[in-house]
Amino acid sequence: PFFSLSYPHSYNYGGQGSVAGHELTHGYDDEGTQFDENGMLADCSFSHCSILDDASQQGFVDMAQCVVQQFDSQCCPLKTGHVRCVNGDMTQGENIA
């Protein structure tokens, strides 16, 4: 748990701060970059909506693909048994944040 009346104030503030920081980061993930400052879909073209210019959009796509590939390789257990692997494309918003 992130909060308890029995925890020191510093623990409670730190726990809530980490959650707030994580949630704010979603504004810059694969879905958050599609919306403008008013919460409306921004600059929609046939293939995407984004607040990013073309160069930034390409850099973002390259970075996101690296994150997808990194998480695609994450499996548990690593060697034997019923191996379960992450689908990096389906989890990329959380992985980027």
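Everything numeric here is computed off the predicted structure, so don't read it as measured data.

What follows deals with the overall build of the protein. When you go through the protein residue by residue, the secondary structure sums to three helices and two strands. Counted from the first residue to the last, the protein has its helices and strands arranged as α-α-β-β-α. Relative to the 2.2 N^0.38 estimate, which gives 13 Å for 97 residues, the radius of gyration of the protein is 18 Å and therefore markedly larger than a compact globule would have. Principal-axis analysis of the C-alpha atoms gives the protein an extent of 50 × 45 × 20 Å. Taken across its 97 residues, the protein has 21% of its residues classed as buried.

In this structure, Arg84 sits in strand 2 (residues 84-85). A residue is classified by how much of its surface remains accessible, and Arg84, at 58% relative accessible area, is exposed. Sequence separation of Arg84 and Gln74 is ten residues, and the distance between their C-alpha atoms is 8.5 Å. In contact with Arg84, not counting residues within four places along its chain, are Gln74, Cys75 and Cys76.

The next subject is the state of the cysteines. Going through the model one piece at a time under the given rule, you end up with one disulfide. Here Cys75 engages in a disulfide with Cys85; their sulfurs sit 2.0 Å apart. An S-S torsion of about 100° defines the bridge between Cys75 and Cys85 as right-handed. Placement of Cys75 in strand 1 (residues 75-76) and of Cys85 in strand 2 is noted, with a sequence separation of ten residues between them. The exposure class assigned to Cys85 is partly exposed, which follows from its relative accessible area of 48%. Left unpaired, Cys66 is separated from the closest cysteine sulfur, that of Cys75, by 18 Å.

Let us now look at the side chain of Asp29. Among the secondary structure elements, Asp29 is positioned in the loop between helix 1 (9-25) and helix 2 (54-72). Buried within the structure, Asp29 lacks any salt-bridge partner; its nearest side chain of opposite charge belongs to Arg84, at an N-O separation of 24 Å. At 3.0 Å, the side chain of Asp29 forms a polar contact with the backbone nitrogen of Glu31. Beyond its immediate chain neighbours, meaning those up to four positions away, Asp29 contacts Phe60, Gly93 and Ile96.

Summing up the model confidence of the protein, the mean pLDDT is 86 and the portion of residues at 70 or higher is 93%. Element-level pLDDT for the protein is lowest in strand 1, with a mean of 83, against a maximum mean of 92 in helix 1.

Definitions and cut-offs
In this numbering scheme, every chain counts its residues from 1 along its sequence in written order. Given that this is a predicted model, residues contribute local features only at a pLDDT of at least 70 and side-chain atom pairs are listed and counted only at 80 or more, while totals for whole chains, interfaces and linings are drawn from all residues. Side-chain metrics rest on all non-hydrogen atoms present in the structure, leaving aside hydrogens and water. Per the convention used, a helix needs a DSSP run of H or I reaching at least four residues, while a strand needs a run of E reaching at least two, with both numbered from the N terminus. To get the radius of gyration, use the C-alpha atoms; to get the globule rule, take the number of residues to the power 0.38 and multiply by 2.2 Å. Relative accessible area decides the class of each residue, using a 1.4 Å probe on protein chains only: under 20% of the type maximum gives buried, over 50% gives exposed, and in between gives partly exposed. Residue contacts are defined here by distance: any two heavy atoms, one from each residue, within 4.5 Å place the two residues in contact. Throughout, a disulfide means two cysteine sulfur atoms within 2.5 Å of one another. Positive charges come from Lys and Arg, negative ones from Asp and Glu, while His and the chain ends are left out of the count. Note on definitions: salt bridges are taken to be side-chain nitrogens of Lys or Arg within 4 Å of carboxyl oxygens of Asp or Glu. Nitrogen and oxygen atoms within 3.5 Å of one another constitute a polar contact, given that in protein one can donate a hydrogen and the other can accept it, and given that sequence-neighbouring residues count only through two side-chain atoms. A residue's pLDDT is simply how confident the predictor is in it, with values from 0 to 100.

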